[in-house]
Amino acid sequence: MKKKILIVIIVFLLLFVLIVSFTTSSFLKDSISFVTIENGFLSDKIDLLSQVESEIKYQFFNGYVIELYVNKSDRVNKDDKLLQYYDNYGNKKTLYSQNAGIVSDICDRYISLYEDNYYLLADVAIEKYNQIQLNDKGFFYINNICYQATVIEKTNQVKQINGKDYYQIKLTLPVKDLLLKQSVLVSLYSDEKEGLIVDRNAIYQNEKGSFLIKEDFSNDLTNLSDYLVHVEILAYNGQYCLVNTTLKSGQRVCVIDQKLMEVIES
């Protein structure tokens, strides 16, 4: 009798496990969403944290300063008096500003000025630097007003930031009421490119690269590697990716959301 009861319990448990497994699998399959790969055009979007900068001009003198007419951070106009000094022969002379700008520094042998022709300067990682071209257009907002900035120079100056190489990009500054060293976020857009476009939420990334997951994975939920298709991301605008892949326009791929990630990582 006890043996029969034990068998019944085991059968019941097995049925329960099968039901739970089937229900869970069905729920997961129903919860997976998809997006369609499409042909189209896409501009790459690159966000650049830029800073208002200016060229520095130096005005040198040799002698003993008698009187200073300006202080650091003062604004001066062209031909304003900067200082008076005795030269090496004892002659009294006056140093006049050759440019309009802001006094950057005052030293024993020179006064430096930030010129009035401000521009934007951004540090860009090498992979983005290579994508950016001269005359690419960007946009930024000041007090809810949109302004356009244009790439005017790709410098060869390299900075190390967290062990990574960054290059500097110069952009025009169309608004004059910004402060020197003020930070501005510029969204830069490259020329439109044609190709296969997919929602960024469908891109699955791991240590081996970027992938799309074929729709058929939802019927299996195992053997993920059989459904991974490698992609090369050619451009990204914040929502969509232009990709190089063996998949075709019209094919559906899985959206990488939290539920799908739980399946992948289980």
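Keep in mind it's a predicted model, so treat the numbers as computed, not measured.

Engineer: I'd like a description of the overall build of the protein chain, backed by residues and values.
Structural biologist: Looking only at helices and strands, the protein chain features three helices and 21 strands. Taken across its 266 residues, the protein chain has 37% of its residues classed as buried. Of the contacts made within the protein chain by residues no fewer than 6 positions apart, 64% connect residues no fewer than 24 positions apart. Just so you have it, the protein chain exposes about 16700 Å², and 50% of that area is on carbon and sulfur atoms.

Engineer: Describe in detail the sheet that holds strand β6 (residues 75-76), supporting the description with residues and values.
Structural biologist: The strands making up a sheet associate through hydrogen bonds between their backbones, and the pairing can be parallel or antiparallel. Ordered by their spatial adjacency, four strands build an open sheet running β4-β10-β9-β6, and the pairing between neighbours is antiparallel. Two strands close off the open sheet at either side, each with one partner strand: β4 (56-60) and β6. With five bridges connecting them, β4 and strand β10 (residues 110-115) associate as antiparallel partners. Residue isoleucine 56 lies in a different strand from β10, and its bridge partner there is tyrosine 114.

Engineer: Describe the nonpolar core, naming the residues involved and giving the relevant values.
Structural biologist: Leu48, Leu120, Ile132, Phe140, Leu171 and Leu173 are the most contacted members of the largest nonpolar core, which has 24 residues in total. Elements with a contribution of two residues or more to this core: β3 (45-53), β11 (119-125), β12 (137-142), β13 (145-161), β14 (164-171) and β15 (183-189). Formed by 14 residues, the second largest nonpolar core is a distinct cluster that contains Ala202, Ile203, Cys241 and Val253.

Engineer: Before we move on, can you summarise the packing of aromatic side chains with the specific residues and values?
Structural biologist: Enumeration according to the criterion identifies eight aromatic pairs in this entry. The ring of tyrosine 119 has lysine 170 lying over it, and the distance from NZ or CZ to the ring centre is 4.6 Å.

Engineer: Run through the pattern of salt bridges, naming residues and quoting values.
Structural biologist: On inspection of all chains with the given rule, the structure shows eight salt bridges. Here lysine 181 and glutamate 53 are joined by a salt bridge, their closest N and O atoms 2.8 Å apart. Taken together, the positions of lysine 181 in the loop between β14 and β15 and glutamate 53 in strand β3 put the pair 128 residues apart, joining distant regions of the chain. Exposure remark for lysine 181: the relative accessible area of 38% places this residue in the partly exposed category. Accessibility expressed as a relative area gives 12% for glutamate 53, which makes it buried.

Rules used throughout
Residues numbered from 1 in each chain as written. Predicted model: local features only at pLDDT ≥ 70, side-chain atom pairs only at ≥ 80, totals over all residues. Heavy atoms only, no water. Helix = DSSP H or I, 4+ residues; strand = E, 2+ residues; numbered from the N terminus. Buried < 20%, exposed > 50% of the residue type's maximum accessible area, 1.4 Å probe, protein only. Contact = heavy atoms within 4.5 Å. Areas by Shrake-Rupley, 256 points an atom, 1.4 Å probe, with all protein chains shown as cover. Pairing = 2+ DSSP bridges. Core = buried A, V, L, I, M, F, W, Y, C linked by side-chain atoms within 4.5 Å. Phe/Tyr/Trp six-rings, centres within 6.5 Å; stacked < 30°, edge-to-face > 60°. Lys NZ or Arg CZ within 6 Å of the ring centre and 35° of its normal. Salt bridge = Lys/Arg side-chain N within 4 Å of Asp/Glu carboxyl O.

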